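# Observations on the three-dimensional arrangement
Below are the chains, spelled out letter by letter.
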Amino acid sequence: MKLTGAQALIKSLEMQGVEVIFGMPGGAILPVYDPIIDSPIRHILVRHEQGAGHAAEGYAQVTGRPGVLMVTSGPAATNVVTPLADAYMDSVPLVCITGQVGTQSIGTDAFQEADTTGITMSITKHNWLVTDASQIPTVVAQAFHVATTGRPGPVLIDIPKDVSNGTMEWYWPEDPAAGLPGYRPTLRGHPRMVREAARLIGEAERPVIYAGGGILKARASAALARLVELTGIPVVTTLMARGAFPDDHPLCLGMPGMHGNFTAITALQKSDLLIALGARFDDRVTGRIDAFAPDAKVIHVDVDPAELGKVRQPDVPIVGDCRLVIEDLAEVIESERVRSAESGRQAPDLGPWMAQVRQWQERYPLRYDQPEQGVLKPQFVIERLRDATPDDTIVVSGVGQHQMWASQYWKFNHPNTWVNSGGLGTMGFAVPAAIGAKVGQPGRTVWAIDGDGCFQMTAQELVTAASERIPIKVAILNNAYLGMVRQWQEMFYDQRYSEVYLSPDLPDYVKWAEAMGCVALRVESPEEVDPAIDKASNVDDRPVVIEFRTDATEMVYPMVPAGASNDDVVVGPAQGEGGH
Amino acid sequence: MAPSSRHRLLSVLVENRSGVLARVAGLFSRRGYNIYSLAVAPTDDERFSRITVVVDVESAPLEQIVKQLHKLVNVLKIVELDPYAAVERELMMATVSADPDKRGQVIELVEVFGGSILDVGVDQLTVCLAEEPSRLDDFEELVRPYGIVSIQRSGQLALPKLDRRARLRSVAQRTA
């Protein structure tokens, strides 16, 4: 069967089971947009290529399947640089297809030419420049294989216009890995290392499981739950792992790190054994690295060998898929238990450690003060939203104060219900990512919790949501500031506020949202919160935006100042010594 | 200059495709690793190339460099070559000032170092040496007083030393 390169590309995507592409056409990708008309794959036309990238990320994060985006060459390709970098940092599987000028024009500074593979080399797991139509099925199969196996990540396929216009004899490769001799991810943990990990766990008196985003990527939540049941070891869930272990479980200590809660931070700090599962010792978690968990031995499980020893030298390094390694580990621990019971050996009692943990929880709760009348506290909005929405609601956030409050005050009880930009910290992530999340999970309620600064960066994608009938809901916590930057200027720059004021009513968020085809509401006081959420919950056929006018002076606590040790966590005025 | 104790020698087998060298070089710059020297060419099997790279391990731990390199999809195999367990060579081409009355001295030096004369001009010689990097340093030192016009060094190449017992055995097998 003879196909054009463009037809072969779309057919290859169909072979991969792709159900949706986020994208925008343009000159060099034009040939590929023709066969899309006849394909069962849904195409969602975004208003800016960055939106396509974040939407694909949101889709991937809630479904576990790779997100697919397609854009043209030059400026379109450079517009997807941010989402690619974002996905690379957070290990989100994406397949990005870019058009390229014709092979004869490459290198001539042709119209809309950019060195896309060169530019994206350091922010993709791998990329390909296709030089002949016959390569297309092989490259697509390899791209999906690389994006979704091992440590997931974004990949990019750059297709010159003459290649998509060229013809080829259709085939489908049986084994995509065949042409990738240098790519063989290790999935099974080394049995000796797993036994050694079990031994350390059996001896630890103050163990903590440090669960990272790898748990979600490996679909290891059930395995983790079993390990916790088996050992009684408490769990902290990083920003990327919120929901990987349920917040309502008594052994869940919540989020550690710069804006984590006191107990999660301090439990890591005082631990004698960190069991790091799919986590990467990010600086926002560890604080000053040489002062991080000084007495702890470290078991580090990660599918990416380069993470082991990158920041902290583990005592027991285990390269492997989190789910498989945790399952093996649980098995070894279980059989060890039987043997210990027979020989009368006792594992250390975790009672005193848990008593200490409970004491911290009691003394330093996450707390804020919401006066009955007057200013609206952002945390109050999040708590009301949390209590008024279904348990499996998907929450998507941008980056900044609102993101930290959402992570702190929401209760995540299911995997893949929290979508955010963790590593790269991409403002403007929320609206497009929420669109992708809703497309991936149309049956679930999707709320974007956004800041006013973030919202202004990518709000135009609400036009996409309205025209494609993707009924996401957006809560803007409008404090009229670039709030997190303001907080740092307040704390570390002597309250000299530099270029952080945004104004509460420029733009007029309600009019703007309405102009984009949304239902829009404004909330200015605590008593208006519940009725507005009610109203939003009842809108099902278009996006809803609620602008909450919140207290501009509210700060995110606790906080470990940048470069400080996690021993020096600063709790908020309402959070110290039992609050008030 | 020959590598010092802060340098390690890696032999990296990669797929012979366009852009692979850019990926390796890009990884080094992105992660802040320093390359001291680099030599690259296809192997006997033209599907693969071998990159011999001398890295500065003061810029990053060797283990991290190796692990990050391994993540490149086009990288197949990485071997660290211990200087005591490898044979090493580097190519040097140099154009040296040599008036007719000094020419003999320069030629003598080249011969002592086992090099060859590639080109002869009125008052210059272009010479070539393939030697261990430290021997090239020595030659450079000795020839400097005559006046160096230009020097080009290739970067280091290396292969593991052969296991002599294994070699004997295979000879024995052949004769049997």
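Just so we're clear, the structure is a prediction, and the values are computed from it rather than from any experiment. (Residues numbered from 1 in each chain as written. Chains lettered and ligands numbered in written order. Predicted model: local features only at pLDDT ≥ 70, side-chain atom pairs only at ≥ 80, totals over all residues. Heavy atoms only, no water.)

## Some points on the overall build of chain A
- Check the secondary structure of chain A and you find 23 helices and 20 strands.
- Here the C-alpha radius of gyration of chain A, 25 Å, is about what a compact globule of 580 residues would show, namely 25 Å.
- By principal-axis analysis of the C-alpha atoms, chain A measures approximately 70 × 65 × 40 Å.
- A buried classification covers 61% of the 580 residues belonging to chain A.
- Expressed as a percentage of contacts within chain A between residues at least 6 apart in sequence, the contacts between residues at least 24 apart total 75%.
- Put simply, chain A shows about 21,700 Å² of open surface, and 50% of that area lies on carbon and sulfur atoms.
- For chain A, the centre of its 47 positive side-chain charges and the centre of its 70 negative side-chain charges are spaced 4 Å apart. (Helix = DSSP H or I, 4+ residues; strand = E, 2+ residues; numbered from the N terminus. Rg over C-alpha atoms; globule rule 2.2 N^0.38 Å. Buried < 20%, exposed > 50% of the residue type's maximum accessible area, 1.4 Å probe, protein only. Contact = heavy atoms within 4.5 Å. Areas by Shrake-Rupley, 256 points an atom, 1.4 Å probe, with all protein chains shown as cover. Lys, Arg positive; Asp, Glu negative; His and termini not counted. Charge placed at Lys NZ, Arg CZ, Asp CG, Glu CD.)

## As for the interface of chain A and chain B
- Every contact between the two is made by 19 residues of chain A and, on the other side, 16 residues of chain B.
- Joining chain A to chain B, the criterion identifies one salt bridge.
- Note that Asp304(A) and Lys71(B) form a salt bridge whose closest N and O atoms lie 2.6 Å from each other.
- Residues belonging to the side of chain A that touches chain B are distributed by class as follows: eight nonpolar, seven polar and four charged. (Salt bridge = Lys/Arg side-chain N within 4 Å of Asp/Glu carboxyl O. Nonpolar A, V, L, I, M, F, W, Y, C, P; charged D, E, K, R; others polar.)

## Quick notes on the domain arrangement of chain A
Residues and elements named next belong to chain A.
- The domain architecture assigned to chain A consists of domain 1 (2-179), domain 2 (191-363) and domain 3 (378-553).
- If you average the C-alpha positions of domain 1 and of domain 3, the two centres end up 30 Å apart.
- Across the contact, 24 residues belong to domain 1 and 28 residues belong to domain 3.
- Taking both sides of the interface into account, the surface hidden between domain 1 and domain 3 amounts to around 2,000 Å²; carbon and sulfur atoms contribute 60%.
- Of all residues in domain 1, the largest losses of buried area upon contact with domain 3 belong to Arg47, Gln61 and Val62, amounting jointly to 30% of the total for that side.
- A salt bridge links Glu468 to Arg42; the nearest nitrogen and oxygen atoms lie 3.3 Å apart.
- Scanning the region where domain 1 abuts domain 3 turns up nine residue pairs in polar contact (both at pLDDT 80 or more).
- Those elements giving two or more residues to the side of domain 1 that touches domain 3 turn out to be β2 (20-23), β3 (42-45), α3 (49-63) and α5 (81-89).
- Counting residues per element, the side of domain 1 that touches domain 3 draws most heavily on α3, which supplies 10 residues.
- By residue class, the composition of the side of domain 1 that touches domain 3 is 10 nonpolar, nine polar and five charged. (Domains from an automatic or database assignment. Buried area = accessible area lost by both parts, 1.4 Å probe. Polar contact = N/O pair within 3.5 Å; in protein donor to acceptor, adjacent residues only side chain to side chain.)

## Considerations on the packing of helix α1 (residues 5-15) of chain A against helix α7 (residues 136-148) of chain A
Residues and elements named next belong to chain A.
- Taken N-terminus to C-terminus, the directions of α1 and α7 make an angle of 30°; their axes are 9 Å apart at the nearest point. Between α1 and α7 lies a crossing whose hand is right-handed. For the pair α1 and α7, contact is made by Gly5, Ala8, Leu9, Ser12 and Leu13 and by Ile136, Pro137, Val140 and Phe144, respectively. (Axes fitted to C-alpha atoms, helices over the stretch in contact; angles between N-to-C directions. Left-handed = near helix turned anticlockwise from the far one by under 90°.)

## Let's talk about the pattern of salt bridges
Residue and element names in this part refer to chain A.
- Counted by the stated rule, this structure contains 41 salt bridges over all chains.
- A salt bridge links Glu334 to Arg226; the shortest N-O distance between them is 2.8 Å. Separated by 108 residues along the polypeptide, Glu334 in helix α14 (residues 322-343) and Arg226 in helix α11 (residues 221-231) bring together distant segments of the chain.
- Note on Arg226: relative accessible area 33%, which makes it partly exposed.
- A salt bridge links Asp567 to Lys270, with the shortest nitrogen-to-oxygen separation between them at 4.0 Å. Taken as a pair, Asp567 in the segment after β20 (544-549) and Lys270 in helix α12 (residues 262-270) lie far apart in primary sequence, 297 residues in all.
- Classification of Asp567 by relative accessible area gives partly exposed; the value is 44%.
- What makes Lys270 partly exposed here is its relative accessible area of 39%.

## Things to note about the nonpolar core
All names here are of chain A.
- Within the largest apolar cluster, 65 residues are counted, with the highest numbers of intra-cluster contacts made by Ile209, Ile215, Leu274, Leu277 and Ile299.
- Among the elements that line this core, the one with the most residues is α14, at seven residues.
- Setting aside anything within four residues of it in sequence, one finds Leu274 in contact with Val208, Leu268, Phe281, Phe292, Ala293, Ala296, Lys297, Val298 and Ile299.
- If you look at the next biggest cluster of nonpolar residues, it comprises 51 residues, including Phe22, Ala55, Val396 and Val419. (Core = buried A, V, L, I, M, F, W, Y, C linked by side-chain atoms within 4.5 Å.)

## Examining α5(A)
Residues and elements named next belong to chain A.
- Within α5 the residues assigned to the buried category are Pro83, Leu84, Ala85, Asp86 and Ala87.
- Of the surrounding elements, those touching the buried residues of α5 are α3, α4 (75-79), β5 (94-100), α6 (116-120) and β7 (154-160).
- Phi turns positive one or two residues past the end of α5, at Ser91, with a value near 55°.

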